[in-house]
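Reading the structure
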Amino acid sequence: ISGRAPRICVLTDKGQQAFQYVFHADPVESEYTLLLSRHKSLEHVSLNIVARGILRKYGYSVDHNPSPVTLPSGGKLDVDIVARKGDQVLYVECERGTQNQENLYKKFDLLRAVTKDWYFVVPKRKVQSGLIDAINQWGKSRNRTVMVHIGDLSSQEKAKPEEKPWTYNRQSMTSNPKPTT
């Protein structure tokens, strides 16, 4: 996440055979294999795993392998994480700052069809800044606003346990901002 390659352990074929021999059962599918089938890269998998841990630290139950969300139009939205706390349901996207504008805008359009409260986890402040810029440009191009919540992993170590994991909470901009009263 912060420059170091993650260390992932997965049973080899021989390891799986040893597990079967010792426990007389098949081993479960590795979390790594499951997550890598859903995400773009090992780094994205790692970001999702760290995000899950932070959300749990703040009392959320976390589904890191959620079913797609059905949109009112009938389409589907694949989110990285669904986090729940009481009656609150959050659709959380883990962003590394590697997607192009077209793909981000498609994701934003799908998110906006489901909720006006957007939650993201990013590895560092630079990615947060780029994401905020992309959301504001999207909002201006669509004349839409959303409430943006971002958890910057590089700031989490300084966060107090009673604080929320969201280090950035602001409404996005549009081309026609409404005056506040």
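This section reports on the structure supplied with the text. (Residues numbered from 1 in each chain as written. Predicted model: local features only at pLDDT ≥ 70, side-chain atom pairs only at ≥ 80, totals over all residues. Heavy atoms only, no water.)

Most often, soluble globular proteins have nonpolar side chains that are buried together. Ranked by size, the top nonpolar core spans 23 residues in total, and within it Phe108, Trp118, Phe120, Leu131, Ile135, Val148 and Ile150 carry the most contacts. Examining the composition of this core, we find that six residues originate from one element, helix 5 (residues 125-142), more than from any other. Setting aside residues up to four positions removed in sequence, Trp118 forms contacts with Phe108, Leu111, Arg112, Ile135, Trp138, Val146, Met147, Val148 and His149. In this structure, Ala51, Val62, Leu90 and Tyr119 belong to the second largest nonpolar core, which totals 16 residues. (Core = buried A, V, L, I, M, F, W, Y, C linked by side-chain atoms within 4.5 Å. Buried < 20%, exposed > 50% of the residue type's maximum accessible area, 1.4 Å probe, protein only. Helix = DSSP H or I, 4+ residues; strand = E, 2+ residues; numbered from the N terminus. Contact = heavy atoms within 4.5 Å.)

Residue His24 is not a glycine yet carries a positive backbone phi of 55 degrees. Looking at the element boundaries, His24 is found in the loop between helix 1 (13-23) and helix 2 (31-38). Within the chain, Asn143 stands out as a residue other than glycine whose phi angle is a positive 55 degrees. Within the secondary structure, Asn143 is located in the loop between helix 5 and strand 7 (147-152). In this structure Asn143 comes out as partly exposed when scored by relative accessible area, which is 39%.

An α-helical turn contains 3.6 residues, so a residue and the one three or four places further along point in the same direction. Here helix 4 (residues 101-114) contains 14 residues, and its C-alpha end-to-end distance of 20 Å stays within 8% of the 20 Å for a straight helix at 1.5 Å per residue. Here helix 4 has its buried residues at Leu104, Tyr105, Lys107, Phe108 and Leu111. Take helix 4 and look down its axis: the buried residues cluster within an arc of 160 degrees, on one side only. Elements in contact with the buried residues of helix 4: strand 3 (76-77), strand 5 (88-94), strand 6 (117-122) and helix 5. (Expected span 1.5 Å × (residues − 1). Arc of directions from axis to C-beta.)

Where strands meet in a sheet, backbone hydrogen bonds hold them as pairs that are either parallel or antiparallel. Pairing within the open sheet is mixed, and its six strands lie in the order 1-4-5-6-7-8. Looking at which strands have only one partner, the edges of the open sheet turn out to be strand 1 (61-63) and strand 8 (168-171). Strand-to-strand twist across the sheet, computed as the mean angle between neighbouring axes with direction ignored, equals 25 degrees. Alignment of strand 7 against strand 8, held across four bridges, turns out to be antiparallel. Bridge pairing in strand 8 places Met147 opposite Gln171. Across the sheet, helix 4 is in contact with strand 5 and strand 6; its angle to strand 6 comes to roughly 135 degrees. (Pairing = 2+ DSSP bridges. Axes fitted to C-alpha atoms, helices over the stretch in contact; angles between N-to-C directions.)

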